[in-house]
Amino acid sequence: MRELAAALGVRPTKQKGQNFVIDANTVRRIVRTADVRPEDTVVEVGPGLGSLTLALLEAADRVTAVEIDDLLAAALPATIAARMPARAERFALVHSDAMHVQELPGPPPTALVANLPYNVAVPVLLHMLDRFPSIERTLVMVQAEVADRLAARPGNKVYGVPSVKANWYCEVKRAGAIGRNVFWPAPNVDSGLVSLVRRAEPVKTTATKGEVFAVVDAAFAQRRKTLRAALAGWAGSAAGAEAALVAAGISPQARGESLTVEEFARIAEHRPVPEGAL
């Protein structure tokens, strides 16, 4: 990987959150932990120099990589052709910001595997899960702190917006830790693996995803406050928030960090109708 980077004139930058995986055992472990299957179409976000991409191509039916960096995107197809020519036709590249991707070439993706840049990990993950409901299994490598937040359960001090929104789509759990020395350059933070398996059935609610997420955002914008106070703006008043909470079977004195995604959905179903809206 270092030789390839040198040949391309690539220097990883903090601005782009680039930390390339340079340990072969780590990429094999990621593919194994991701439960990549021979029939899978895998989408990879941020393939970088292609170390994980090559390992995914060995295990999956096909791989589509989404890369924003001009230089890396230009080089990746040649890397695949040179190092795995027999599988090159099973590889596709989308040169784009993952946050703007609305469609992918080939069959719908069944798995998402990625070493996500720390600064955009959560929004990219949520966008991909939302845009591509065919993704059944996801494994992402993210900053350990972000991994903890994604996998946190209600009542945990780091449980928050990422935890609830990820749970809207998937069953989420920590799937291991990754040391700093497998990256180049070595980051000054630890990393973790997070496994997300698509819910067999969506959250049962009459509220839309947008309506539920609006409650979640409001609840955690002022997480130290009770829900009666935190949701006052969302409901139009503290009294309106209390009425919605009581109707949903939630204590107005509770805080957002104690609620499941299903409970947030129940609150969303009881949002007061603004006066004059009828």
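One structure accompanies this document, and this report is about it. As the structure is a prediction and not an experimental result, all values here were calculated from the model.

Moving on, we get to the packing of helix H7 (residues 161–169) against helix H8 (residues 209–221). In the contact formed by H7 and H8, the axes pass within 10 Å of each other and the chain directions differ by 160°. It follows from the interaxial angle that H7 and H8 lie roughly antiparallel. For the element pair H7 and H8, the recorded crossing hand is right-handed. Contacts from Val161, Val164, Lys165, Trp168 and Tyr169 in H7 reach Lys209, Val212, Phe213, Val216, Asp217 and Phe220 in H8. In terms of residue class, the contact of H7 with H8 is built from eight nonpolar, no polar and three charged.

In terms of residue burial, strand E2 (residues 41–45) counts as a mostly covered element, since five of its five residues are buried. Of the two faces of E2, both are covered, the one formed by Thr41, Val43 and Val45 as well as the one formed by Val42 and Glu44. Sheet topology places E2 next to strand E3 (residues 62–67); five bridges connect them, and they run parallel. Its bridge partner being in E3, glutamate 44 is matched across the sheet by alanine 65. Following the chain from E2 across helix H3 (residues 51–59) to the adjacent parallel E3, one finds a crossover that is right-handed. Where E2 lies against strand E5 (residues 111–115), two bridges are found, and the strand directions are parallel. Of the residues in E5, the one forming a bridge with valine 43 is leucine 112.

Moving on, we come to the packing of H8 against helix H12 (residues 261–269). For the pair H8 and H12, the least separation of the axes is 8 Å and the interaxial angle reads 105°. Between H8 and H12, the crossing angle belongs to the class labelled roughly perpendicular. Across the interface between the two elements, Glu211, Val212, Val215, Val216, Ala219 and Phe220 of H8 pack against Phe264, Ala265, Ile267 and Ala268 of H12. Split by residue class, the contact of H8 with H12 holds nine nonpolar, no polar and one charged.

Quick notes on the rules
Residues numbered from 1 in each chain as written. Predicted model: local features only at pLDDT ≥ 70, side-chain atom pairs only at ≥ 80, totals over all residues. Heavy atoms only, no water. Axes fitted to C-alpha atoms, helices over the stretch in contact; angles between N-to-C directions. Helix = DSSP H or I, 4+ residues; strand = E, 2+ residues; numbered from the N terminus. Parallel < 35°, antiparallel > 145°, perpendicular 65-115°, else oblique. Left-handed = near helix turned anticlockwise from the far one by under 90°. Contact = heavy atoms within 4.5 Å. Nonpolar A, V, L, I, M, F, W, Y, C, P; charged D, E, K, R; others polar. Buried < 20%, exposed > 50% of the residue type's maximum accessible area, 1.4 Å probe, protein only. Pairing = 2+ DSSP bridges. Right-handed = clockwise from strand over helix to strand, strands pointing away.

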